[in-house]
Amino acid sequence: ADIIAIESPKNLIWFESRTWVNKPLRLLYNWAADDSVKGDSNFRNKMGLQDKVVFFYGGNIGPQQDMLNIVRLAKSLQYDKRAHFVIVGDGFALNMLKNSLSNENLKNVTLLPPVPQDEFKKMLSEFDVGLFSLNKEHTTHNIPGKLLGYMVQGKPILGSININNDIKDIVEDAGAGLIAVNGDDDTFLLNALKLLNNTNLRNEMGSSSKILLKNVFSVKAAAKVILEDKLLS
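The notes below deal with the structure included here. (Residues numbered from 1 in each chain as written. Predicted model: local features only at pLDDT ≥ 70, side-chain atom pairs only at ≥ 80, totals over all residues. Heavy atoms only, no water.)

### Things to note about the pattern of salt bridges
So, step 1. Throughout the structure, instances matching the rule amount to seven salt bridges.
So, step 2. With a closest N to O distance of 3.0 Å, Asp 35 and Lys 121 form a salt bridge. Pair noted here: Asp 35 is in the loop between strand S2 (25–27) and helix H2 (42–46) and Lys 121 is in helix H5 (residues 117–126), with a separation of 86 residues, a long-range link.
So, step 3. Here Asp 128 and Arg 44 are joined by a salt bridge, their closest N and O atoms 3.0 Å apart. With a gap of 84 residues between them, Asp 128 in the loop between H5 and strand S6 (129–133) and Arg 44 in helix H2 connect regions that are remote in the sequence. Summarising the burial analysis for this pair, Asp 128 and Arg 44 share the class buried. (Salt bridge = Lys/Arg side-chain N within 4 Å of Asp/Glu carboxyl O. Helix = DSSP H or I, 4+ residues; strand = E, 2+ residues; numbered from the N terminus. Buried < 20%, exposed > 50% of the residue type's maximum accessible area, 1.4 Å probe, protein only.)

Now the structure itself:
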């Protein structure tokens, strides 16, 4: 390699402190094409969620995501009939998630298997909040790919992360969502309630999410870094 690009500011620091490569290191965020789609309420109607605020999680279901973190949040909101969680995906921790939902007898969570990408985008377009969780034991600064999908669709982001992960500053400084540290269940719940109770806040953060995609995580933004900022020079 001539140049090594790292996907977040703190990961760049982490990489520099733990490797001894005689190559230039640069910050280059991941990117996504702005190819949003419009749903037709088909999924919302099928699931009987017309009057719900839906928190949507789509992607891998594994130890890295700590899905029990989301179960705890759903449990805390189970008596608020406005809130519903839709989880779409598969992974190593799927059976554990199923067992936990069954043991807690949670009626406010719909768990669905993976769907084709086009169907996934239509489903996401119909729901209200993009949800993600990271295991608190992570030591690096992961920016989950699902966040890019949420931004493409202009969704406000609700997240829970490992401590000091710089995705919190990136999302919150842009006004695109609310992020708690995994283990701080009270703040995770408070953030969810803010989005649940305030339609205007959801709309504002959704618009800011779209702007964040354009300014930082778009194909054009990445191309600018590579070309105009002379990443390859």
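### Comments concerning unusual backbone geometry
So, step 1. The backbone of Asn 105 shows a phi angle near 55°, a positive value even though the residue is not glycine.
So, step 2. Mapped onto the elements of the fold, Asn 105 is located in the loop between helix H4 (94–104) and strand S5 (109–112).
So, step 3. Look at Asn 164: it is not a glycine, yet its phi comes out positive at around 70°.
So, step 4. Within the element layout of this structure, Asn 164 appears in the loop between strand S7 (157–161) and helix H7 (167–173).

### Things to note about the sheet that holds strand S3 (residues 53–60)
So, step 1. Spatially, six strands are ordered S5-S4-S3-S6-S7-S8 in an open sheet, and the strand pairing comes out parallel. In this open sheet, the two strands that pair with only one neighbour each are S5 and strand S8 (177–181). The mean inter-strand angle of the sheet, taken between neighbouring strand axes irrespective of direction, is 20°.
So, step 2. Across five bridges, S7 lies against S8 in parallel orientation. (Pairing = 2+ DSSP bridges. Axes fitted to C-alpha atoms, helices over the stretch in contact; angles between N-to-C directions.)

### Points about helix H9 (residues 199–217)
The periodicity of an α-helix, 3.6 residues per turn, causes residues three or four positions apart to be oriented the same way.
So, step 1. The end-to-end C-alpha separation of H9 is 25 Å, in line with the 27 Å expected for 19 residues at 1.5 Å each.
So, step 2. Those residues of H9 not exposed but buried are Leu 201, Arg 202, Met 205, Gly 206, Ser 208, Ser 209, Leu 212, Leu 213 and Phe 217.
So, step 3. With a side-chain oxygen positioned 3.1 Å from the backbone nitrogen of Asn 200, the residue opening H9 is Asn 198. (Expected span 1.5 Å × (residues − 1). Polar contact = N/O pair within 3.5 Å; in protein donor to acceptor, adjacent residues only side chain to side chain.)

### Some words on the environment of Lys 75
So, step 1. When you line up the elements, Lys 75 lands in helix H3 (residues 67–76).
So, step 2. Take Lys 75: its relative accessible area is 38%, and that puts it in the partly exposed class.
So, step 3. For Lys 75, the contacting residues outside a window of four places in its chain are Glu 104 and Leu 106.
So, step 4. A polar contact is formed between the side chain of Lys 75 and the side chain of Glu 104, at a distance of 3.2 Å. (Contact = heavy atoms within 4.5 Å.)

### Comments concerning the environment of Leu 213
So, step 1. Among the structural elements, Leu 213 can be located in helix H9.
So, step 2. For Leu 213, a relative accessible area of 1% puts it in the buried group.
So, step 3. C-alpha of Leu 213 to C-alpha of Ser 100: the two residues are 113 residues apart in sequence and 34 Å apart in space.
So, step 4. Setting aside chain neighbours within four positions, we find Leu 213 in contact with Ala 32, Asp 34, Leu 148, Met 151, Val 152 and Ser 218.

### Examining the pairing of S6
So, step 1. Within S6, five of the five residues are buried, which leaves it mostly tucked inside the rest of the structure.
So, step 2. Pairing of S6 with S7, which is carried by four bridges, proceeds in the parallel orientation. Residue pairing across strands places Ser 133 opposite Ser 160, the latter belonging to S7.
So, step 3. On the question of chirality, the crossover connecting S6 to the parallel S7 by way of helix H6 (residues 145–152) is right-handed. (Right-handed = clockwise from strand over helix to strand, strands pointing away.)

### With respect to the packing of aromatic side chains
So, step 1. Within the structure shown, the criterion is met by four aromatic pairs.
So, step 2. For the pair Phe 55 and Phe 85, a centre-to-centre distance of 5.2 Å together with 20° between the ring planes defines the contact as stacked. Of the two residues, Phe 55 is situated in strand S3 and Phe 85 in strand S4 (residues 83–90); the sequence distance between them amounts to 30 residues.
So, step 3. Three or more aromatic residues joined by ring pairs form one cluster here, namely Phe 56, Phe 120 and Phe 127. (Phe/Tyr/Trp six-rings, centres within 6.5 Å; stacked < 30°, edge-to-face > 60°.)

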